[in-house]
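Structural description and commentary
Take a look at the letters that make up each chain.
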Amino acid sequence: MSRMTIAVPASTANIGPGFDSAGMAVNRYLTLHVEESTQWEIEHRSVHLPSVPPVTDHLVYQAALHTANAYNKTLTPCKITMESEIPLARGLGSSASAIIAGIEVANQLCSLSLTKADKLKLATEMEGHPDNVAAALYGGFIVSVLLPNGEIEILQKTDVPLDLVVYIPTFELKTEDARKVLPEQFSRNEAAAASAVSNVMIAALSAGDFTLAGKMMEADLFHEPYRATLIPNYEQIRQEAKLAGAYGTVISGAGPTMISFAPKGEGHKIESKLKTTFPSYEVQLLSMDDVGIHVSYISEKEKTSK
Ligand SMILES: Nc1ncnc2c1ncn2[C@@H]1O[C@H](COP(=O)(O)OP(=O)(O)OP(=O)(O)O)[C@@H](O)[C@H]1O
Ligand SMILES: N[C@@H](CCO)C(=O)O
């Protein structure tokens, strides 16, 4: 490796009832410029990144170390310069992107030749659930399961004709805190009812019946009813987005961002209407990323000719 750039998309997890399982990659990116060095150094170059912790506490380094350790390799030092368009702790998978980036750093530094399945296993061990990390790695709309024996299965769909509109509030909500408000257990009847909503949502999204998918997104019983209280304007955003043409609006990941799924080409109308109604939110029109992580190399020859 001489010098490389790693770009990892943001992601939205759950999509309503697909709790800890469904995810989509979206076109906002964490970008790492990596070069060999004599010591570890991580530099942040954007407002969306946390203040730089000691290298050993940095999530990207920890993911790289977890990967190197898993294959009994030693991490050689490098200098990483990071830029990010993904707001932290807002429900757009910032931690998943950082973990996927760190795994890729170790993959390259240690010449591991990992497959995407290998990387997904390592990332899920760190993140706890595969929804965001699978989307960031593969791109597209991804439905995943972490089986009790540790195996992970995924199904990916790309070219989904949807516009996405996100409503990002100014405050952070850590996933850890947003999970604390959820019930520890569901009865058999509750689990069956919540799974039925999820099953129909996934089937409808896969079949392209977005009106039905939107209805099921908004009928989640696994997490939205409990997390709604953490998000100001939750109901109003859903209602206004529906009036402006959205199929459905849900909490993105663990929140506090909300996300609408809209007919392709119609998202800008929802974006401009809700920008006016909710001026304290950062309202953005996004689209799906169908590629996932992308690595490019700059050779020594190219570097000197620049
Ligand atoms: N690029 C990054 N570099 C270092 N640490 C990061 C980076 N991105 C996220 N983190 C760490 O992850 C934390 C946010 O993770 P958290 O799971 O709470 O939110 P999220 O991943 O943005 O949202 P969600 O999982 O709901 O989509 C940050 O506070 C920070 O500690
Ligand atoms: N499925 C996760 C996504 C955030 O990491 C949750 O909702 O808690």
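Residues numbered from 1 in each chain as written. Chains lettered and ligands numbered in written order. Predicted model: local features only at pLDDT ≥ 70, side-chain atom pairs only at ≥ 80, totals over all residues.

Let us look at the UniProt feature "domain: GHMP kinase C-terminal" (unreviewed entry) in the chain. UniProt's entry tags residues 201-279 with the feature "domain: GHMP kinase C-terminal" (unreviewed entry), counted in the numbering of this structure. Along residues 201-279 one finds 51% helix and 13% strand; the C-alpha atoms at either end are 31 Å apart. (UniProt positions renumbered as here; feature names shortened; annotations may be inferred. Helix = DSSP H or I, 4+ residues; strand = E, 2+ residues; numbered from the N terminus.)

Taken as a whole, helix 7 (residues 210-217) has its buried residues at F210, A213, G214, M216 and M217. One face of helix 7 carries all of its buried residues, which in axial projection span an arc of 165 degrees. Where helix 7 is buried, its residues meet strand 7 (162-168), helix 6 (188-207), strand 8 (248-251) and strand 9 (258-263). (Buried ≥ 20, exposed ≤ 12 C-beta atoms within 10 Å, placed from the backbone. Arc of directions from axis to C-beta. Contact = placed C-beta atoms within 7 Å.)

Turning to the site of ligand 2, a few remarks are in order. Neighbouring ligand 2 are 13 residues; A13, D20, T175, G253 and A254 lie closest to it. Secondary-structure elements contributing two or more residues to the shell around ligand 2 are helix 4 (131-138) and helix 5 (175-180). Taken together, the residues of the shell around ligand 2 sort by class into four nonpolar, six polar and three charged. Two domains each put at least three residues into the shell around ligand 2: domain 1 (3-157 + 290-305) and domain 2 (162-286). (Near = placed C-beta within 6 Å. Nonpolar A, V, L, I, M, F, W, Y, C, P; charged D, E, K, R; others polar. Domains from an automatic or database assignment.)

Our next topic: the pairing of strand 1 (residues 3-13). Among the 11 residues that make up strand 1, eight are buried, leaving the element largely enclosed by the rest of the structure. One ladder, built from 11 bridges, connects strand 1 with strand 2 (residues 22-36); its direction is antiparallel. What sits directly across from I6, in strand 2, is L32. (Pairing = 2+ DSSP bridges.)

Moving on, we get to the site of ligand 1. What surrounds ligand 1 is a group of 23 residues, the closest being S94, S95, T175, G253 and A254. Listing elements by their share of the shell around ligand 1, those giving two or more residues are helix 1 (59-70) and helix 2 (94-109). A total of four residues in the shell around ligand 1 trace back to one element, the largest contributor, which is helix 2. Here the shell around ligand 1 spans two domains, and each of domain 1 (3-157 + 290-305) and domain 2 (162-286) adds at least three residues to it.

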